[in-house]
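What the coordinates show
Residues per chain are reported as follows:
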4 protein chains.
Amino acid sequence: MAHPGDLSALERLIAEGTVRPAEIAAIIGKTEGNGGVNDFTRGYFTQSLMALLSRHLGEPADALVKRIPCVLSGGTEGVLSPHYVVLCKAGAPLDAPAPTAALALGTAVSPILPAETIGRVAHVDSVAAAVQAAMKAAHIDSADDVHFVQVKCPCITSARAEAAKARGRTVVTSDANRSMALARAAGAFGVALALGEICPDVVTDAALLTEFKVYSNRASVSSGVEIEANEIIVLGNSRRWSGSLRIAHRPMADALDIGAVVDMFSDLGINAAPQVSEMQRALLKAVFVKCEPDRRGNVRGFRHTMLDDTDINAQRHIRGALGGLVAGVTGDSRIFVSGGAEHQGPDGGGIIAAIADSSRDGGQPCAS
Amino acid sequence: MAHPGDLSALERLIAEGTVRPAEIAAIIGKTEGNGGVNDFTRGYFTQSLMALLSRHLGEPADALVKRIPCVLSGGTEGVLSPHYVVLCKAGAPLDAPAPTAALALGTAVSPILPAETIGRVAHVDSVAAAVQAAMKAAHIDSADDVHFVQVKCPCITSARAEAAKARGRTVVTSDANRSMALARAAGAFGVALALGEICPDVVTDAALLTEFKVYSNRASVSSGVEIEANEIIVLGNSRRWSGSLRIAHRPMADALDIGAVVDMFSDLGINAAPQVSEMQRALLKAVFVKCEPDRRGNVRGFRHTMLDDTDINAQRHIRGALGGLVAGVTGDSRIFVSGGAEHQGPDGGGIIAAIADSSRDGGQPCAS
Amino acid sequence: MAHPGDLSALERLIAEGTVRPAEIAAIIGKTEGNGGVNDFTRGYFTQSLMALLSRHLGEPADALVKRIPCVLSGGTEGVLSPHYVVLCKAGAPLDAPAPTAALALGTAVSPILPAETIGRVAHVDSVAAAVQAAMKAAHIDSADDVHFVQVKCPCITSARAEAAKARGRTVVTSDANRSMALARAAGAFGVALALGEICPDVVTDAALLTEFKVYSNRASVSSGVEIEANEIIVLGNSRRWSGSLRIAHRPMADALDIGAVVDMFSDLGINAAPQVSEMQRALLKAVFVKCEPDRRGNVRGFRHTMLDDTDINAQRHIRGALGGLVAGVTGDSRIFVSGGAEHQGPDGGGIIAAIADSSRDGGQPCAS
Amino acid sequence: MAHPGDLSALERLIAEGTVRPAEIAAIIGKTEGNGGVNDFTRGYFTQSLMALLSRHLGEPADALVKRIPCVLSGGTEGVLSPHYVVLCKAGAPLDAPAPTAALALGTAVSPILPAETIGRVAHVDSVAAAVQAAMKAAHIDSADDVHFVQVKCPCITSARAEAAKARGRTVVTSDANRSMALARAAGAFGVALALGEICPDVVTDAALLTEFKVYSNRASVSSGVEIEANEIIVLGNSRRWSGSLRIAHRPMADALDIGAVVDMFSDLGINAAPQVSEMQRALLKAVFVKCEPDRRGNVRGFRHTMLDDTDINAQRHIRGALGGLVAGVTGDSRIFVSGGAEHQGPDGGGIIAAIADSSRDGGQPCAS
């Protein structure tokens, strides 16, 4: 991508016949904004993408944006490279389970969330229901086979807060950045609930952003100003699917947990100590990371300054650090690193997941 | 350090008798400012440090600041932790060379540089002369035994540029950030010249920030508003020194060169694939990294956004990324990562160096 | 505007019949990005606007974007409100000059500028030719009747610099922010040349960003990553036009020159000491300001910190300050304040211009 | 001030005999940091100032810092110039009231505030008691004669929050920026309570940052990481004082209320429509402004973007805008503009106050 409105790489893959527009099921990408409330690179990318798909599919952009989840995380701090992963789905589910499982994918979009429910239990329930719908769509029966659930939630902007107030409702916070954090927390609780990682009784308004021992090991939640409903993408392995792609994940204990990164690649048959070889690098199709500046102000006992910095948002700091770490291991800077990992992976840590080709020869790299 | 003026850790080590103030030869540290022209955390730290040493040594702070190089790099992006390394020197050089070499240290301070010489050949020569003086002071005979040369150069602020103009002189640039880059380039050329890494004929005003094939593999240069002369610290191994500390270095080919990091630790007898063990971590005394956002706008073929970002200075981006990578390998976020590696290590890459204890039991960690 | 892709206000004015799409001649607006190289709010707005106009006019967006200048300045620091002014042109020029002059408008777009010409004399000439074409289109015979010339120039991004290099050409600078400054300087020289404010012999590559005594009192130049050709909008008063709108301008001597603001309004028959009354405020149709952080580092003898700030770009600083000043005088925060006034107005100062209704009752406010 | 540690101007005034160190009662200044939690320019200035005064007075810096309030606001956005106002007090209070009142000054410092009380009712009460002590010290009997109360409050940093937690206490928020806002709110309530502007029954934890109809027209509260107790400076006019200085204040209804600025100067006999004349400018000794980005996201009906900006803190935005406005009126950029005006002046607006010489000839300008 030369800029957030540049879809020429996808246009080319469509022209070549590598990507069939009708098979596009979801997009996960990183754009180069600030990742905050006033990051409009996500809206710009989405508008450009939907206009392109609309031209190819003859379906209005308005309808497409509601049907195809497009989950973007703004902020390519440090070495991170703006890119997007186009997830396609061809053919029908296998009638009989295959001997080995292959990458499976399902999506769902929740109803529109009013601003007053954002970051509260109603938000958790909305996400949980949508995750279960997406699992069903993916033909994944057991929650154990789910390796990554990407959720995109709306947040509360000044304008939406004013609108809610005008309706006589109160929003949980009028601080835009805090609303994004609460929305991510609600999304993580929703995933954990849907996957059976937590019990329903721990889900309360008060637990969000407070009970950090409650978390999902497979949730990745973003929040942004440009959407009004939750968008869900479930990724896992299933014997009802075929193909050479597989997915794996690992929780990261903290921001220095390079061991989790190496172990996750090992799960996919890839050696990454210290770095994935150039040959195996071609097998990597997508790498997803969620991370979070440690709330307690230190990493392994030493003070960090991310939370007290008035100049650079803390999420920008941590994305840059984890981007540097993981890109060092993969040797490729096209990593989806998303900050705001509240309740997503261990407290102070996060999650890493990757999709790789398990056949020998690699194949097409993801569009970028 | 709780803040840039907090020297309580050193105060404690002095009170305990671990550090003897008279033996302090140099300080290298990271403070939590923005690392740019308006980063006053370095001046604040220096003022606090010199006041402390003045109390202990009975020598005026003004004299100390000229005698003891205090090289600070502002900016603790991402996981980086504010900290400082206190380099002490006890006893006299050995009369006869020992069988094995040990960490050797020498310092020098150049005369004050007028603003109009900053970032030009006169600046290169000033640094080269000071590096040779520091090598001599370190009792290092061969340039091959030098592993790390830290230089701190003055830069051109608006005020200094105006003052030069009033004297009828022109400064090389009136852009403060560019002046810092040119000063770093001049410092790197100076080190490379002193160590015989380059020939004198490549040293021209025009080559600075232009001929990126010219570089030193051992120079680490910072530039800041708070000083007016070049401060030099030469670190190497010498058989005229005793003790259990050793230093090693490696050039980094690019911002993803985790292999260089692992190899450098291997030179010191430390296994770091993927991460230094908790036991060996205690042997690490200091880690120094210089790095630079690739000028050509991409890392291994994929676009990065560091150079085109109006919100976050490019040096802040790269420090955060390399800090994440190296701290992931060491498991410790007290890394001196300094941006602005023009002509310091391969173009688009940089340098890593570390000091470690080669005895078994480790010992005191560095003050922080 | 609720966000940079929100054209609903214009959509509504078109639906009501207040604005006829075929009469839209130019747009000048402020979007809420950072105003720097990585400000994509301008591209997002333009894409959204052209899609809207394309739907109404049945003309491809690609053609529209080349025909209708859309000059956006990113950055709504402080009280500034994102908004856009839609300049429409109805009917034909009067055959015989009317007794009084009315607002006149002409536009032009230059050929595409290769990156290696940006910020050099070739760039100046390209702008000057386009300004003269726009004056002709506006039916303004005398340069004295021109009050405001808005120019939007392309700049040099990392990618464009690499492309030029691949063609064997050198660009004037590889620093993106500096390229924007040089482009603005070239634009200002071009306007000054076209309006006879300067002689051709002062136009040299070396004079750009150096000879600050050379300037135009009517040029307002922006530079951005999203365009490849110069876009020109000439605004003046002409007896070949009818209507109740008039335009006036004044140079501002420095960033505190509130007198110039008040005098400019006085030229339009509006009393603004200290603030335009609520009744007269409805007569204001557009206010344009160009300004610049004083290069010499002080304002009326007192040091400012805009140029040495690594956290906030200097242009963002000055836009916020002038926005606060002028909005205080008008009582309305919809001010087009654009930084980067090199050679636009007196050194260290800038330009203010405004369009007002000279009839009593005011009329429609501009879209926002 | 050339930088935050530069006290040479004061040193010079002391050397000349213009300022007698023993008469220094308080300092109010602006330093050039970011004004946020990680702004260390305030600590740096204070350390430098107290070292200077300690040299002159022979009193330890530790004692001076507790005795002489030094209230600094970080952030010189836009045209604002770093400067400090040194308030001196000579002689004894008059036995009999003079015919006209003159500037009166009193200071107080509260006991150290534990982190768990910050931003709560206990904090309000602590401030109110200290304000009454300072009024008494100033020999001002009636609250009506108080025109400006500057309060500096501690805030909650990550470290302090952890320390409170270790003591088994909870802090009101773990978000550092929010803690600064709550501390400012508590300070404003404290002033309003002490001056009888509000009744005790409106003072509750819940009202802070919620009931914005509760405010003081004379409170100016800053909050910073570098102090642990409330520091109070009361300024007013009193017939027990002599001298030619007078103080006045006005509430500002919103960020565009230039009328309040002009009226306040009129109270001091200074004509400022549109700008204070050069002659009268010499009479101005200090200008203080408190301001706040409108919480509701718009100014006079038009959207501003300050609260949704992830790149620039909202307080930095508003300081830049008001600095531009007020410096435009005074013609001098040495304005104390402090953001964070929660409950200080009308909601969405703020306060302006100034000290001027009421004699003809002006006299010494304030140190800078």
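This text goes with the structure placed above it.
The written sequence of each chain sets the order in which its residues are numbered from 1. All chains are assigned letters beginning with A, and all ligands numbers beginning with 1, in the order in which they are written. Per-residue local features are limited, in this predicted model, to residues with pLDDT of at least 70; the limit for side-chain atom pairs, both in listing and counting, is 80 or more; totals at the level of whole chains, interfaces and linings are taken over all residues. Calculated side-chain values reflect all of the structure's heavy atoms, with hydrogen atoms and water omitted.

What follows concerns the relation of the copies chain B and chain A. When chain B is brought onto chain A, the operation consists of a screw motion whose angular component is 180 degrees and whose axial shift is 0.0 Å, with 0.0 Å RMSD remaining. In symmetry terms, the pair is related by a two-fold rotation axis. Residues of chain B ranked by C-alpha distance from the rotation axis are headed by Leu325(B), positioned 1.9 Å from it. Least squares is the method used to superpose the copies, on C-alpha atoms of residues holding a pLDDT of at least 70 in both.

Least-squares fitting of chain B to chain C yields an RMSD of 0.0 Å, with the transformation described by 0.0 Å of translation along the axis and a rotation of 180 degrees. Two residues form a contact once any of their heavy atoms are found within 4.5 Å. When you check the interface residues of chain B against chain C, 100% turn up at the interface there too, and the contact is symmetric in its surfaces.

On the side of chain A, 44 residues touch chain B, which itself brings 44 residues to the contact. Buried area: the accessible area, evaluated with a 1.4 Å probe, that two parts lose upon being put together, summed over both parts. Each partner contributes to the roughly 3,300 Å² buried at the junction of chain B and chain A, and carbon and sulfur atoms together form 59% of this total. For the chain B face of the interface with chain A, the top three residues by lost area are Leu256(B), Phe302(B) and Arg303(B), together amounting to 20%. One speaks of a salt bridge when a side-chain nitrogen belonging to Lys or Arg is within 4 Å of a carboxyl oxygen belonging to Asp or Glu. Counting the contacts that link chain B with chain A gives four salt bridges. Here Arg316(B) and Asp309(A) are joined by a salt bridge, their closest N and O atoms 3.8 Å apart. Nitrogen and oxygen atoms within 3.5 Å of one another constitute a polar contact, given that in protein one can donate a hydrogen and the other can accept it, and given that sequence-neighbouring residues count only through two side-chain atoms. Taken together, the connections running from chain B to chain A amount to 16 residue pairs in polar contact (both at pLDDT 80 or more). What counts as a helix is a DSSP run of H or I of at least four residues, what counts as a strand is a run of E of at least two, and both are numbered from the N terminus. Every element with two or more residues in the side of chain B that touches chain A is listed here: α7 (258-267), β11 (302-303) and α9 (314-330) of chain B. When residues in the side of chain B that touches chain A are grouped by element, the largest group, ten residues, is from α9(B). For this classification, Asp, Glu, Lys and Arg are treated as charged, while Ala, Val, Leu, Ile, Met, Phe, Trp, Tyr, Cys and Pro are nonpolar and the rest, including Gly, are polar. Tallied by class, residues from the side of chain B that touches chain A come to 19 nonpolar, 15 polar and ten charged.

Paired rings are identified among Phe, Tyr and Trp, the last through its six-membered ring, by centres lying within 6.5 Å, and are further divided according to the angle between planes into stacked (under 30 degrees), edge-to-face (over 60) and tilted (the rest). Using the criterion set out here, one finds 14 aromatic pairs over all chains in the structure. With centroids separated by 4.6 Å and ring planes inclined at 10 degrees, the aromatic side chains of Phe148(A) and Phe288(A) adopt a geometry described as stacked. With Phe148(A) in strand β5 (residues 146-154) and Phe288(A) in strand β9 (residues 284-290), this residue pair connects regions lying 140 residues apart in the sequence. Both residues of the pair, Phe148(A) and Phe288(A), belong to the buried class. By way of ring pairs, the aromatic residues Phe148(A), Phe288(A) and Phe336(A) are connected into one cluster. Over the ring of Phe336(B) we find Lys30(B), and its NZ or CZ is 5.7 Å from the ring centre. A positively charged side chain is recorded as over a ring if its NZ (Lys) or CZ (Arg) lies within 6 Å of the ring centre. The angle to the ring normal must also be within 35 degrees. In this structure, Arg334(D) is placed above the aromatic ring of Phe302(C), and the distance from its NZ or CZ to the ring centre is 3.8 Å. Classification of residues uses two cut-offs on accessible area relative to the type maximum, computed with a 1.4 Å probe and protein chains only: under 20% is buried, over 50% is exposed, and between them is partly exposed.

A few words on the nonpolar core. Among the buried residues, those of types Ala, Val, Leu, Ile, Met, Phe, Trp, Tyr and Cys that are joined through side-chain atoms within 4.5 Å form a nonpolar core. Within the largest apolar cluster, 70 residues are counted, with the highest numbers of intra-cluster contacts made by Phe265(A), Val289(A), Leu322(A), Phe265(B), Val289(B) and Leu322(B). Grouped together as the second largest cluster of nonpolar side chains are 68 residues, Phe265(C), Val287(C), Val287(D) and Met306(D) included.

Let us now look at the sheet that holds strand β6 (residues 219-224) of chain B. All names here are of chain B. Only strands joined by at least two bridges in the DSSP assignment are considered to pair. Spatially, the four strands line up as an open sheet ordered β4-β7-β5-β6, and their pairing is mixed. Across the chains shown, the open sheet's two edge strands, defined by having one partner strand only, are β4 (102-112) and β6. Neighbouring strand axes in the sheet, compared pairwise and without regard to direction, differ in orientation by 15 degrees on average. Two elements, strand β5 (residues 146-154) and strand β7 (residues 229-238), share six bridges in a ladder whose sense is antiparallel. Of the residues in β7, the one forming a bridge with Val146 is Gly236. Whenever a helix is involved, its axis is fitted only over the stretch in contact; in every case the axis is a line through C-alpha atoms, and angles between N-to-C directions fall within 0 to 180 degrees.

Let us now look at the interface of chain B and chain C. Taken together, the contact pairs 17 residues of chain B with 17 residues of chain C. Where chain B abuts chain C, roughly 1,500 Å² becomes buried across the two surfaces, and 40% of that area is made up of carbon and sulfur atoms. For the interface between chain B and chain C, the tally reads two salt bridges. Arg316(B) is the salt-bridge partner of Asp311(C), the closest N and O atoms lying 3.5 Å from each other. The tally of links from chain B across to chain C stands at twelve residue pairs in polar contact (both at pLDDT 80 or more). Of all the secondary structure elements, the ones that give two or more residues to the side of chain B that touches chain C are α5 (158-166) and α6 (176-194) of chain B. Per-class residue counts for the side of chain B that touches chain C are three nonpolar, eight polar and six charged.

Moving on to the pattern of salt bridges. Per the counting criterion, the structure on display carries 76 salt bridges over all chains. Between Glu77(D) and Arg316(D) there is a salt bridge whose closest N-O contact spans 2.8 Å. Of this pair, Glu77(D) sits in the loop between β2 (70-74) and β3 (83-88) while Arg316(D) sits in helix α9 (residues 314-330); the two residues are 239 residues apart in sequence, bridging distant segments of the chain. Residues joined by salt bridges that share partners form a network here, namely Glu77(A), Arg316(A), Arg319(A), Asp309(B) and Asp311(D).

What follows deals with unusual backbone geometry. Residue and element names in this part refer to chain A. The amide bond that connects Ala273 to the next residue, Pro274, takes the cis arrangement and shows omega of 5 degrees. Turning to its location among the elements, Pro274 is positioned in the loop between α7 (258-267) and α8 (278-281). If you check the backbone angles, His139 has positive phi at about 55 degrees while not being a glycine. Assessed through its relative accessible area of 28%, His139 is described here as partly exposed.

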